[in-house]
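# Descriptive analysis of the structure
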Amino acid sequence: MKQRTKNVSSNNNNNDPHSIVSECRLYDGIGENCGLFGIFGDEDAVRKTYFGLHSLQHRGQESAGIASSDGESIQCYTGMGTVRRVFRSGQDVFEKLSNPIAIGHVRYSTTGTSKVINSQPLLAEYSRGQVAIAHNGNLINASLLRDEYEAYGSIFKSTSDTEIIIHLLAKPTHVSKPDPLGHVLNHLQGAYSLLFLYSDRIEAARDPFGIRPLCIGKIPEGSFVVASETCAFDIIGAEFVREVQPGEIVTLDKDGLHSRFYVSPEAIKPAHCIFEHIYFAKQNSTLFGENVHQFRKKLGRQLAVEHPADSDVVIPVPDSGTSAAIGYAEQSKIPFDMGLVRSHYIGRTFISPEQRQRELEVKLKLAIIREVVNGKRITVVDDSIVRGTTTRGKIRALREAGAKEIHMRVSCPPIRFPCFYGVDFPTKEELLANNRNLEQIKEFLEVDSIGYISLDGLLSCTSLPADHYCTACWSGKYIIPVNTAVNKFSLERYQLHMFDEHDVQNSP
Ligand code: SF4
């Protein structure tokens, strides 16, 4: 039976702080990294989803949302900002959402605009009932598919690549297939880890390359859960069971957990985003068969072997550079110390959508412990350098604090190519290592020496075979063919001519 949508989001209420007063027309689906959480059959499902999203907050801070089902109909609440901000009214929202089946999403988009209309889960009704979708990744054929559907009269209400999945699901010739969802997923190209909430079940799917992570957990004697990272299991007392396999759909329903594959075995070619391990994931998560902290320590040790530095102290760029710096210090026998202190009350700079915010945030978020660096030869270990401007800002600040020599060491190779699979390396031209040799990078950063881990060195640290990882941002070898002339701005179709509260707050 078709259920009526109960959307308790304030998205349609212009008096509410979360509301949209307009719609924007930027097609901004490309280049996002998000966090997913889902739980089936738990009387406290919504609160557990809330805490799960909290632990995934590092994956996206622009919007958050939860959709839940009582077995018959779905309620959804989304808004702009962190999980805490979106759900700040607490008990009222939890009571309205209070249902035993739930999925949640935290979002980061990579265009300059970020809209509540694109916040997820995305809720829709079609001939088979209701569905709410949460997506992590980037569909590289979304624009083509959208053109095709618009040519036949489809109307899109968001500018997210995720919405095309709803149109694919609703197409009558797809609905009649034996496995409509599997059929639809075969139309998608790119990176996708997806959660679908139907009134009576959750379906979790991963693309045939397994580019973005998606894990299954279980609360002992309790419910099955799914999440982007295992850190979300720790907070609710769930145990890691296994990852959703590339090309697999896992269903969570009243009978437990069921699995099916929607592609042939030959089509499954693991190409996990190794940048998840290097930068995005939380240190206490286990991804691609290995704990993130341990993996980063291995990178640090390998980096010390490849690029030793004659210095007095090793300091990390916290937080994601800390584990690699520990490994570097252990291997090099140089003392480790904290020369930079991160404020946790401001978001990660790399995942801020606008450059002007990024520069301001760097100043706000990293403080220097002068006593650690003054008069010292220091080795600074960072996990990655993307544009280089923020790194140079840190280097200048360390010099001002009295550092005598600064040796920069980086636990990933020079990033030379953009990512089309859901991480924000905006354009090739903006990348520091694009068309610069090491000497030029050294000069740009104003350091005394520079050393990046080699790609072979990086891959020697992985627990899975080297060909199970995507390395395109270093090697330029894209496992799924992409049009490299396209960047996130190429897909912007129309001028932004309407706005909402969020834009007003962020206007120059
Ligand atoms: S191009 Fe780089 S960031 Fe993008 S999926 Fe591949 S490894 Fe990850």
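Structure: above.
Summary of the structure given here.

Calculation criteria
- Residues numbered from 1 in each chain as written.
- Predicted model: local features only at pLDDT ≥ 70, side-chain atom pairs only at ≥ 80, totals over all residues.
- Heavy atoms only, no water.
- Pairing = 2+ DSSP bridges.
- Helix = DSSP H or I, 4+ residues; strand = E, 2+ residues; numbered from the N terminus.
- Axes fitted to C-alpha atoms, helices over the stretch in contact; angles between N-to-C directions.
- Contact = heavy atoms within 4.5 Å.
- Buried < 20%, exposed > 50% of the residue type's maximum accessible area, 1.4 Å probe, protein only.
- Near = heavy atom within 4 Å.
- 1 Å grid on protein atoms, 1.4 Å probe; cavity = no way out; pocket = protein on both sides within 12 Å on 5 of 7 lines; lining within 4 Å.
- Sits in = over half its atoms within 2 Å of the grid points.
- Nonpolar A, V, L, I, M, F, W, Y, C, P; charged D, E, K, R; others polar.
- Phe/Tyr/Trp six-rings, centres within 6.5 Å; stacked < 30°, edge-to-face > 60°.
- Lys NZ or Arg CZ within 6 Å of the ring centre and 35° of its normal.
- Salt bridge = Lys/Arg side-chain N within 4 Å of Asp/Glu carboxyl O.

Our focus in this paragraph is the sheet that holds strand β9 (residues 201-206). Pairing is antiparallel in the open sheet, where six strands are placed in the order β6-β7-β8-β9-β13-β14. Strands with a single pairing partner mark the edges of an open sheet, and in this sheet they are β6 (122-126) and β14 (256-261). When strand polarity is set aside, the average angle formed by the axes of neighbouring strands in this sheet is 20 degrees. Where β6 and strand β7 (residues 129-139) come together, five bridges link them in antiparallel fashion. When the bridges of β7 are listed, L123 appears paired with A132. On top of the sheet, helix α5 (residues 163-170) reaches β6, β7 and β8 (190-198); it is set at about 135 degrees to β7, its chief contact.

The topology assignment puts A397 in helix α14 (residues 389-400). Under the relative-accessibility criterion, A397 is labelled partly exposed at 26%. Separated by 31 residues in sequence, A397 and L366 place their C-alpha atoms 9.8 Å apart.

Here we take up the pairing of β9. By the criterion of burial, β9 is predominantly enclosed, with five of the six residues buried. Pairing of β8 with β9 involves six bridges; the strand directions are antiparallel. The residue of β9 that forms the bridge with L197 is I202. The antiparallel pairing of β8 with β9 creates a hairpin that spans two residues between the two strands. By the bridge criterion, four bridges tie β9 to strand β13 (residues 248-253) in an arrangement that is antiparallel. Paired with A205 across the strands is I249, a residue of β13.

Topologically, H167 is positioned in helix α5. Note on H167: relative accessible area 15%, which makes it buried. Beyond its immediate sequence surroundings of up to four residues, H167 is in contact with Y149, S154, I155 and F156.

For the ligand, the full set of nearby residues is I211, R212, C273, F275, C419, Y421, V423, F425, C470, A472 and C473. Judged by the proximity of its atoms to the pocket grid, the ligand belongs to the largest cavity. For the shell around the ligand, a count of residues per class yields 10 nonpolar, no polar and one charged.

With that out of the way, let us pick up the packing of aromatic side chains. All chains considered together, the criterion is met by 13 aromatic pairs. Consider the rings of Y50 and F94, whose centres lie 5.1 Å apart with planes at 80 degrees: the pair is edge-to-face. Separated by 44 residues along the polypeptide, Y50 in helix α1 (residues 45-55) and F94 in helix α3 (residues 91-97) bring together distant segments of the chain. Seen in terms of ring centroids, Y279 and F280 are 5.1 Å apart; in terms of plane orientation they differ by 85 degrees. Their pairing is edge-to-face. Judged by relative accessible area, F280 falls into the buried class, the value being 1%. Taken together, the ring pairs in this structure connect Y50, F51, Y77, F87 and F94 into an aromatic cluster. In this structure, R201 is placed above the aromatic ring of Y198, and the distance from its NZ or CZ to the ring centre is 4.0 Å.

The strand order β18-β21-β22-β23 describes an open sheet built from four strands, whose pairing is parallel. Each having just a single partner strand, β18 (313-316) and β23 (449-452) make up the two edges of the open sheet. Across this sheet, the average inter-strand angle for adjacent strands is 20 degrees, counted without regard to direction. Strand direction decides the pairing type here: β18 and strand β21 (residues 377-382), joined by four bridges, are parallel. Bridge assignment links P316 to a residue of β21, and that residue is V381. Of the strands in this sheet, β21, β22 (405-410) and β23 are in contact with helix α10 (residues 292-306), which crosses β23 at around 125 degrees. Against the sheet, helix α11 (residues 322-332) makes contact with β18, β21 and β22, and its axis sits at roughly 165 degrees relative to β18, the strand it touches most.

With that out of the way, let us pick up the pattern of salt bridges. Tallied over the full model, the rule gives 23 salt bridges. Notably, a salt bridge pairs K254 with D255, separated by 3.6 Å at the nearest N-O pair. On the accessibility criterion, K254 (72% relative accessible area) is exposed. As a salt-bridge pair, E330 and R301 come within 3.0 Å of each other at their nearest N and O atoms. Of the two residues, E330 sits in helix α11 while R301 sits in helix α10, which places them 29 residues apart along the sequence. We classify E330 as partly exposed; its relative accessible area is 39%. Under the relative-accessibility criterion, R301 is labelled partly exposed at 27%. Each of the salt bridges in this network shares a partner with another, and the network as a whole consists of D179, D200, R201, E203 and R260.

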